[in-house]
Every structure is written in structure tokens, then in C-alpha cells.
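# Structural overview
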Amino acid sequence: MSMFPNSDPAHLAFTEDTIRNEMENEEQNLVKELVALSTRDRIRAIRDLPMSFEEKKHIRSQVLTFKSAKQSRQFTCFADCSENMSLSFRRCGYNVRSARQTLELWQGIMKEIGGTFGTSVLSYFVFLKWLLMFNIFSFLVNFGFITIPALVYDPSPNIPLNVSFRGLEILTGAGYFNYTVMYYGGYSNETLVGLSDYNMQLAYFFTIALYMVLCGIALIFSMASSFKKNYVLADSSSSSAWQLLCSWDFNITNERAVKQRKNNLRVQLKESLSERAQGELLTLSEKLKHFGIHLGSWFLSTGLAVGCGVGIYYLCIYEKMHTTDAANWSLLQEAETLLVPFVVSLINLGVPLFYSLFNTFEHYSSQRKQIYALVVRNVLLKMSILGVLCYYWMNVVAEKFSCWESMVGQALYRLVIFDFFFLMLGSFFGEFLRNVMGRRLLPCLGVPEFDVARNVLELIYAQTLAWIGIYFSPLLPAIQILKFFILFYLKKVSLTQNCQPPRRSGRAAQMQTIFIALLFFPFFVGALSIVAYTAWSLTPSEQCGPFRGLNNTFSVVEVWIDKLETIPGSQWVVWIFQNVIRSEIFYFFITLIIIVVIYIFWQVTQGRKQLIVQLRQQIINEGRDKSFLLEKLQNLQKSHKKPKQKNHNKRASRRSDEHSSGGQSNSNAMVQALLARQRIEDEEERHRAGGVPVPSDISNSSALAQAMLARQRAEDQNKDSYQMSDRHSSSSIALTHSIQVAMVQGRDENYGMSGLSENPVNTSSAVTQAMQARRRAEQHRADDTDDLPSSVSSVMMQVMQARQRAEELPQNPAPAGSSALIQAMLARQQAQNEYDDGY
Amino acid sequence: MGTTASHLPKDLLSEYQELTFLTKQEILLAHKRFTELLTKDEKDHQNTRVPMDRILTLPELKSNPFRKRICHVFSTSEHKDGSLTFEDFLDLLSAFSDSATLEIKSHYAFRIFDFDDDGTLDGGDLEKLVNCLTGETDDTRLTPEEMRQLISNILEESDIDKDGTVNLSEFQHVISRSPDFVSSFKIVL
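Please read these numbers as outputs of a predicted model, since none were measured by experiment.

The rules behind each value
- Note that residues are indexed from 1 along each chain, following the sequence as it is written.
- For this description, chains carry letters from A and ligands carry numbers from 1, given in the order in which they are written.
- pLDDT decides what is reported in this predicted model: residues at 70 or higher carry local features, side-chain atom pairs at 80 or more are listed and counted, and totals for whole chains, interfaces and linings draw on all residues regardless.
- Remark: hydrogens and water are excluded; side-chain values derive from all non-hydrogen atoms of the structure.
- Secondary structure counts use DSSP, requiring at least four H or I residues in a row for a helix and at least two E residues in a row for a strand, with both numbered from the N terminus.
- Buried residues are those whose accessible area, probed at 1.4 Å on protein chains only, stays under 20% of the maximum for their type, while exposed residues exceed 50% and partly exposed ones sit between those limits.
- In what follows, residue pairs with any heavy atoms lying within 4.5 Å of each other are defined as contacts.
- What sets the accessible areas is the Shrake-Rupley method with a 1.4 Å probe; for residues, cover comes only from the shown protein chains.
- Aromatic contacts are taken between Phe, Tyr and Trp rings whose centres are within 6.5 Å, Trp giving its six-membered ring; a plane angle under 30 degrees counts as stacked, one over 60 as edge-to-face, and the others as tilted.
- Only Lys NZ and Arg CZ are tested; either one counts as a charge over a ring when it is within 6 Å of the ring centre and within 35 degrees of the ring normal.
- Counting rule for disulfides: a pair of cysteine sulfur atoms within 2.5 Å.
- Computed with a 1.4 Å rolling probe, the buried area is the accessible surface lost when two parts are put together, summed over both parts.
- When a carboxyl oxygen of Asp or Glu lies within 4 Å of a side-chain nitrogen of Lys or Arg, that pair is called a salt bridge.
- Counting of polar contacts relies on pairs of N or O atoms within 3.5 Å, with two restrictions inside protein: one atom must be capable of donating a hydrogen and the other of accepting it, and residues adjacent in sequence are counted only when both atoms are side-chain atoms.
- The term nonpolar core refers to a set of buried residues drawn from Ala, Val, Leu, Ile, Met, Phe, Trp, Tyr and Cys, joined through side-chain atoms within 4.5 Å.
- Note on method: axes are straight lines fitted to C-alpha atoms, helices fitted across the in-contact stretch only, with angles between N-to-C directions ranging 0 to 180 degrees.
- Just so you know how the angles are binned, under 35 degrees is roughly parallel, over 145 roughly antiparallel, 65 to 115 roughly perpendicular, and the rest oblique.
- The pocket and cavity definitions rest on a 1 Å grid over protein atoms only: a 1.4 Å probe that fits but cannot leave marks a cavity, an open set with protein on both sides within 12 Å along at least five of seven lines marks a pocket, and residues lining either have an atom within 4 Å of a point.
- Grid points are joined across faces, edges and corners, and a volume is the space filled by probe spheres set on the points.
- Three classes are used, and their members are as follows: Ala, Val, Leu, Ile, Met, Phe, Trp, Tyr, Cys and Pro are nonpolar, Asp, Glu, Lys and Arg are charged, and the others, Gly among them, are polar.
- Residue ranges for the domains originate in an automatic or database domain assignment.

## What about the overall build of chain B?
On a plain count of helices and strands, chain B comes out with twelve helices and zero strands. Going from N to C terminus, chain B has its helices and strands arranged as α-α-α-α-α-α-α-α-α-α-α-α. In terms of principal-axis extent, the alpha carbons of chain B reach across some 55 × 35 × 30 Å. Going through the 189 residues of chain B one by one, you find that 61% of them count as buried. For chain B, contacts bridging at least 24 residues in sequence account for 54% of all contacts bridging at least 6. Taken as a whole, chain B presents about 7700 Å² of accessible surface, with 51% of it coming from carbon and sulfur.

## Regarding the packing of aromatic side chains
Tallied over the full model, the rule gives 54 aromatic pairs over all chains. With 5.2 Å between their ring centres and 90° between their planes, Tyr471 of chain A and Phe472 of chain A make a pair best called edge-to-face. The interplanar angle of 65° and the centroid separation of 5.7 Å between the aromatic rings of Phe485 of chain A and Tyr489 of chain A together place this pair among those described as edge-to-face. In this pair, Phe485 of chain A and Tyr489 of chain A are both assigned in helix H16 (residues 476–498), four residues apart and thus about one turn of the helix distant. You can call Tyr489 of chain A partly exposed: its relative accessible area is 34%. These aromatic residues form a ring-pair network of at least three members: Phe250 of chain A together with Phe66, Phe74, Phe96, Tyr108, Phe110, Phe113, Phe171, Phe181 and Phe185 of chain B. Above the face of the Trp298 of chain A ring, Arg377 of chain A is positioned so that its terminal group lies 4.4 Å from the ring centre. Over the ring of Phe115 of chain B we find Arg69 of chain B, and its NZ or CZ is 5.6 Å from the ring centre.

## Some points on the state of the cysteines
Residue and element names in this part refer to chain A. Across all of its chains, the model carries one disulfide over all chains by this definition. In this model Cys403 forms its disulfide with Cys544; the gap between the sulfur atoms is 1.8 Å. The disulfide joining Cys403 to Cys544 has a torsion of about 105° about its S-S bond and is therefore right-handed. With Cys403 in the loop between helix H13 (367–400) and helix H14 (404–441) and Cys544 in the loop between helix H17 (508–537) and helix H18 (555–566), this pair connects stretches of sequence that are 141 residues apart. Unpaired in this structure, Cys316 has its nearest cysteine sulfur neighbour in Cys390, at a distance of 11 Å. Look at Cys316 and you get buried, because its relative accessible area is 1%.

## Quick look at the interface of chain B and chain A
With 79 residues of chain B at the interface, the matching set in chain A holds 69 residues. Interface area, chain B with chain A, both sides summed: about 6800 Å², of which 56% is carbon and sulfur. Summed over the three residues of chain B that lose the most area to chain A, namely Glu18, Leu19 and Arg177 of chain B, the buried surface amounts to 11% of that side. Taken together, the links from chain B to chain A amount to four salt bridges. In this structure, Glu60 of chain B and Lys111 of chain A form a salt bridge, with 2.8 Å as the shortest nitrogen-oxygen distance. In this assembly, chain B and chain A are joined by twelve residue pairs in polar contact (both at pLDDT 80 or more).

## Some points on the nonpolar core
Counting residues in hydrophobic clusters, the biggest one holds 120 residues, and the most contacted among them are Tyr124, Leu389, Trp393 and Trp467 of chain A. Not counting residues up to four positions away in its chain, the partners in contact with Leu389 of chain A are Ile312, Cys316, Val340, Val344 and Leu415 of chain A. Core analysis: the next-biggest nonpolar cluster, separate from the first, contains 79 residues, Met51 and Leu265 of chain A together with Leu84 and Phe110 of chain B among them.

## Some details on the packing of helix H5 (residues 107–153) of chain A against helix H15 (residues 452–472) of chain A
Residue and element names in this part refer to chain A. For the pair H5 and H15, the least separation of the axes is 10 Å and the interaxial angle reads 10°. Considering the angle they form, H5 stands roughly parallel to H15. On the side of H5, the interface is formed by Ser120, Val121, Ser123, Tyr124, Phe127, Leu128, Leu131, Phe134, Asn135 and Asn142, while H15 contributes Val452, Asn455, Val456, Leu459, Ile460, Gln463, Ala466, Trp467 and Ile470.

## Digging into empty space enclosed by the protein
The method is simple in principle: a probe with the dimensions of a water molecule rolls over the atoms, and the space it marks as empty is what remains. Residue and element names in this part refer to chain A. Taken as a whole and assessed by the stated rule, the structure comprises 16 cavities of 30 Å³ or more. Reported here for the largest cavity is a volume of approximately 170 Å³. Considering the residues around the largest cavity, the lining is formed by 16 residues, among which Glu319, Tyr392, Trp393, Ala411 and Arg414 are closest to the centre. Looking at the lining of the largest cavity, the element that brings in the most residues is H14, giving five residues. Split by residue class, the lining of the largest cavity holds twelve nonpolar, two polar and two charged.

## Digging into the environment of Ser345 of chain A
Residue and element names in this part refer to chain A. Note that Ser345 resides in helix H12 (residues 339–357). On the accessibility criterion, Ser345 (3% relative accessible area) is buried. Considered as a pair, Ser345 and Phe421 are 76 residues apart in the sequence and their alpha carbons are 8.7 Å apart. Residues within four places of Ser345 in sequence aside, it is in contact with Phe418, Asp419 and Phe422.

## Some details on the domain arrangement of chain B
Residue and element names in this part refer to chain B. Taken domain by domain, chain B comprises domain 1 (11–96) and domain 2 (102–185). Once you take the C-alpha centre of each, domain 1 and domain 2 turn out to be 26 Å apart. Of the residues lining the interface, ten residues belong to domain 1; the matching set on domain 2 comes to 13 residues. Taking both sides of the interface into account, the surface hidden between domain 1 and domain 2 amounts to around 1100 Å²; carbon and sulfur atoms contribute 73%. Our enumeration of links across domain 1 and domain 2 arrives at one salt bridge. Two residues, Arg69 and Asp117, come together in a salt bridge whose shortest N-O distance is 3.3 Å. Across the domain 1-domain 2 interface, the total number found is five residue pairs in polar contact (both at pLDDT 80 or more). Those elements that provide at least two residues to the side of domain 1 that touches domain 2 are helix H6 (67–74) and helix H7 (86–95). With four residues, H6 is the single largest residue contributor to the side of domain 1 that touches domain 2. Taken together, the residues that form the side of domain 1 that touches domain 2 break down as eight nonpolar, no polar and two charged.

Laid out in C-alpha cells, this is it:
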């Protein structure tokens, strides 16, 4: 009683009852929906409920009792069995999940790195780990299908007598290694006859081909999913403050790191504010200066990349003149082969460091552009180096040496090894020395940051070498595994000893996407085309390797198909080969179809983009409506100020206090509903007093419309706060108020407007309709909790409809003012309908 | 601490697994860490509440600027003192775990950032949020002018319906556009 000093007891009872009913109803609905789901979906749905553990447990037990009650009615052995089965499957799934987690490599180290350096640095280590896994997979494939059969057939390498292990081989990969299964030359072209025949040629070809295809698919998938997650959705406005605010790294646990991060964040926020304030107020001369610097640095970097390529080409030619095709090299000769990989790795180490010097005098509008420029320059450099090397191998080495595939394999081996040494040197010079310099000698330089972009590009380059080498040296992934494994620890130590957390919190997720895309696009595709070119166009060496004596590697398949023709029952393979693989028409059609599909998808994307713009506009309109109506309401309010207001406000605040944790979210809406109600009551009183400042029908209908709107708003907000834990109570309060409003309205009409006898009917039917609409909207909402966008739109639609209906009811006495409003609503609803159709 | 595992009955464990995003190891580890926070005589009781200041001695939460808010949001205590039971603690870890959905994460992030618990992020909430992130002391805080500018920028970006506050769906919209959120809204024991 004391809580609601101003309402009569009947009202109060009604309110509490409704609240309780509504709460129970909502819970029952939820439970019913959950029961209808399959066991797996139900578990997921319950898990996804944003409630506290206890509430989830309560819901779950309700669902289970409901279910068992239902089941005891129709108990069968089968149902019991299937229930047991699904339970044990689920247990099994949990076990697999936890086992996978136990096997997860480097969990503690990852946590430590994330705890001190944040997610962006962590992404480098995640990438490194991913590459390591990739290499383990490729090693297993190659070792299993190529090396093991070769070793089983011929366990001891047939090494010429005058070749012995001298130690330098570990660096050069030449000499002794040349005769082992390390390289292409170590494999035979025979069919291994054992328990079953194993055609080495076919095995070699198909393993490499399959491996490349699998790599491509894996890359495309991870690239696409990461694009979908991180890039497409991301906003283009990069300096937005929100991004800074929501990207607080909860991973960070180190006290110092937290302090540093706070500082960095503050600096960044201030910068973004001042940037915004300044805007693009550069003078023409400044612009020209910036442009000139950009042009100069791009020119310089491109020139440097081309120059490095040319230099390496001449170095290779020089090397070619000094090496002979003999089986045994002198130590000096062998050591000479190290010159090219040394120079290449030196360039790879030095030039990127030089590029990063550009940063000091180049000014980019955003940090992202700066990183992109750096990445593009480095990619150009690496591509020109690799391009030149591949050209040399394909055109020069292939002509000169008798067993040229092994020679290329050796060259790649040396590059991989030297790359490793220089990566170590890189962390020494780039991080350790820089740290010493920054701390002791030149404090203005400061402690270095871990340059994620440069380090990731180094990894990508290393991986590309392994991909190119897969054909020439099938066991190269083994070296790669070792390399990445050591590198992980090395980088971790170097990071924790020498570096400080990055000063700017970049967009780690987006950078990661770009790195995977880079790994796929020039690098993997390049490696794939080089391997494919080798297999299709180059003549394999005649003295060694599995493909000796063939015109090109691919003719292995042709020979195999010829052989198959004689075997009955395999005609379909031959047919497929002749009519699908070898026919231009097939590829022509495939290409056409793909182009058409791409075009269609492109159009769909365009349509969606427009839709997004329109929907956004609609939300803005909605908001404007809301504020407009609110303003109107407040104006009316002000013009009829009454002492009663105090009481009502008190009540509103009382209510919201009562449900403070989640219910307060609705206080806004509630207050509005209350205001509407109060206005009606005010008018009622005025009516009784006799002074009628406004024509009663106008005030009435607009009051009804506004009450409805207020209710709608309450519901909208309710929907927003759906996840709030005690939404039952809050929503029911909103409902109750709207009902109260409607009831007062009804009373009001009874008092004041005897002429319109159908009015009470109208009102009550409006209430029932609104309630129905609400029910439906709620059902929808609960139906697709995991499919939010669609449900939201349909709920919106229903709300609109309900609103429209509510407004149409008092249309007979509707005045000009509210009819304009109704028309606006109608127009909007029409637009809404069109969108929904468009979907 | 091999004995702690036996404190957790098997059916309870599987229930925890079913209702949270955590794996068995994570639950057991959480249990171990939680029991370490209990005093001698509290260990015998079921469902004891650990007060907030003792929860905040965990290194994972100790230096987090939102530590108090996190405790308040996940606490089911009736006194609103931020104390956590083991189940509240699991809830916390589940929301911050790797496999929690974006939906859950953004919902709890919203509640953490909603300092006055009124269901919307208004100017006051945003100001507190920024202060939390940049540091509370006078020399680290942004000037009032900067703060005003920043908040108006934020509202301009995210307040789609222009009502002066950021509600949950608007917040989720912002979150869906910052892909780093999922990887950074994470606490692992």
C-alpha cells in the first residue's frame, strides 16, 4: 500500500497478479520451446542464455522434469536407449574436447605472452604455431607416401664410393645428402613389388599434387572464414574511439603492462581527438611535400627491390660458371655454393630494416596505411628475389645439370638453412642490440617494440621456400618443422628480454587476415604455379629421379591411363580422363559457370549493401520519431503541470529501484508509460472540473496513440534488455502500465464522451490486440535467439503492425494532428514490408 | 592437488560442462583455484561465497581495470557486494572463455561497462569507462573538454537512434564491427 500511495487497491492487486502471471508465462514458454528442441540444440540453447548459473540450472531442471513427465507417458525401450546413446556420445564429445585442450601446444607460454604483450603480438605466435602444424601435416603426407615406400624397398642410400660425409653438408645440403631420400634424385622410377605393387612415379606425382591441392583448400578456407569474421564486418572508420574502448585486452595480467597500456590508450585517444579537431587542414605545399616524400620512398623501395633481383641474378650466373656437374666437389667448391643463399638472406634481413627507417620521415594519415605500405614494399622485395631465383632454376639450372631437380632442391635447402640463421641474427640485431642501444647508449631511441608485420613476413617467406621445395626435396618440411620449433622459443625469449608491448593497439585480427591472404595470394599461388610449370613443361632429368625418361612429369598420368585401358572395369577412369581432364570444353564451361555465379553473388552483395544503408536510415527515422513524440509529450506535460506528477515520479523511481539490476533498463520506458497515463488522468480531472482546453476527441485519440507508442517503446526496450536477467518482471511491469494506461483511457472515455458509445469496445480490443502482438513478438524472439537479425526484423514488423492497428482504432474521431502521424507510420510500415519482401 | 578433483562429484562436473563453455580441465582448474581462495573452515561448507577482495587477489583479475565491475556483474549475492560462489565464478570464466559466443561476450561486456546498472550506456557510464581505461588519477585523466569531445564522438558513432544513450543492441552493433573484441575479451586461468 505504502508503495503505491495513489492507486486504489484493485489496481494494485491487478498489477501484482499480472506481474506474477507474466513471469510464469515467460518461463513456461521458454521451457516449452527448449523441450521441443533436440538434446544437442537444447544444451546449446541453455548454454547460450545470458543468465546466471543458478537460473540456467533452474531452467534446465524444469526442462528435464517436463521432459521426463512427457516421457513416462510414452515410455519405450527405444527412447531410453537412444537417450543413453546420446548421453554417452555427449560425454565422448566432452572428453575429446578436453583431450584436445590438453594436447594444445605451448598453452602456458601463449598465455604468458598474451598477458604481457597483448593480442597483437600473440597473433604472431599463433601464426607461427599454425604454420608449424601445417608443416607437420605436410611432412607426414610426404614421409608416409613417398619416403617410407622408398626406404622399405631400398633402405640404404646408394652412395658412390668416393663420396663421404664431411660435415659441411649440413650447411650446403650437397654431397652426401645428394644421394639420400632428401632430394628428388634419391627416388627410383620403379614399381616397388612387395605385398602389392607400388608405383613410385604415380605415388610421387599424386602425393605432391594432392598435397598442393589440400594446402590450397586449407588456405582458402581459413582465409575466407577470417575475412568473414574480421574484415567484411569491420567498419571503415578506423580512428573511431569505440574501437579503442572495446578493445581493452582482458588477457593482460601483468601489472606493468596494464599501466603501460593505459598510458598508450590515453595517448591514442588524445591523438585521435586532436586529429579529428585538426581535420584535413594541410596547406597545398605541405600536401605536395608529403606527396613528394611518398613518391620518393616508393621509387627508392621499388628500385631497391629490382636492384636486388638483378644483383642476385648475376650472382647466380657467376655461381653457375664455377660449379661443375661432377659428383664430388672439393670443399672450396662446396663452400662457394653458400654465397648465393648468404647474400639472399642478407638482403632479406637488411633491406626491410632499411625500409622501416622510412617511417621516420614519411607521414601517413593513419597507422594502418603505414603498415600496409611497409608490407607491400617487403612483399615486392621478396617476390622479386624469389622470382629471379625461380627463373634461374627453371631456365639455367634445368639446362646445365644432369640431375637438375636435386640441384634446385639443394639450393632451396641452403636458402632454408640460411634463412634460419639470419632470422636468429635478425632477432639479435633487430631486437637485442637495439634494446642495448636504446637502454644504454641512446635513450631517445627507446626500447624496441616487437614488429609483428616484419616478423610475420619473414615467416611467410620461409614457408614459401618450403612450398617451392616440396617437389624438389620432399623432406624439406622436416627441416621446416625444426626451424619453426626453435624459432618459437627464440622469439619468445627475445621478446620477453628485449621488447616492450606495442605502443599502439593495432587491429590485430585484421592484420592476421591480411597475413593469411598474403600467404595465399602472391606466395602460395606463386609456389603452386612454379611447381605446376615444372611438372607440365620442363623435361625431368634423364639420369635420376622417379620421372627419368619421360617428356614431362605429367605424362606419368598418361602412361598410367594407357595401362588402365587394357584392364577391364576401369574404362570409366579412362573416359573421365579423356573427356573431362583433357577436354577444353569442360574447362570452358566450368569457367563460364563460375563467372556467372560470381556475377550473381556480386549483384547480391550490391543489393545487401543498399539494404544496409536503407535499414540504417530506418533506424534513424525511428529514433527521430521517438524523440519527436517524446518532446510533444513533454510539452503537453509542461502545459498541464499538476502536483500529482510528484507522486507518479516517485512511484516510477520506486519501481525501478525495486528491480534495480535489470529492471532499471525499463525505467525509461516505464516513466514514459506513466507519463502518458498521468496525462490522461490529468485530462480526466480537467474534464470533470469542466474546463476543456482541448477538444476532447483530439486529446483522447492522441492520448491513446501515445499510450500505445509508449508501450511499444517499453517493449522495444524490453527486447533490448531481453538478456537482462530479470526481464520477466521488468517486461511485465511495462505491460501492466500499458494496461493501466489503456484502462484509464477507457474510464476517461466513459466519463467524457458519451456520444461515442463504441469507444470502450475499441479500447479493450486495442489492448487485446496489442497483447496478442506482443505475445507473438515474444514467441518469435525466443524462437530464434541464435538467429537474431531475422527475428529482430520480424519482431519489428509485428511491433509496427500492432502500433498501426492501435492507431487505426480511434480513427473515426481522429483529428488532423494524429492522422498525419498515422500516415507517417503507415508509410514507414509499407517501406518495412518491402524490405522484408526484398529479403 | 590431486584431491581437489574428488571434491567435485562426477554428475556435478558433467552438469557444469553442460551449462558452461568450459572443458573438464578448465572446470577442475577453476575449482582448484577457487578452493585455494577459501579459508580452512569455509572449505567444509557447500556453496560458500568468497568476498570480492579475496577474489581480486587472483593474478588474472588483480590488475584488470574492470575487476570490481566484473565481480559485481557476475555476483548473484543479494547484498550486491560482488562476492562470488563457485558457480558464479564458473559463470565468469565461461563468459570470458575461448568458446563463448559473441552474443554472450558482448552482453556481459555491456553489463560491465554499464556502471550505474540502468541498462543503457549514458554519458556518465562512458566517462567512467574512459577513466577506467586511462587511469583514475588526475594527471592521467583526460581533460573535461577532451572527455566531452570523446563522449560526443562515441555517441555520434554508435547511438543509431539518437536518444543520447547507447543501448545493448547498439553496443552489440559496435562490437560486431570490431573484430578484435572476441580475442581480447578473454580471461584464461
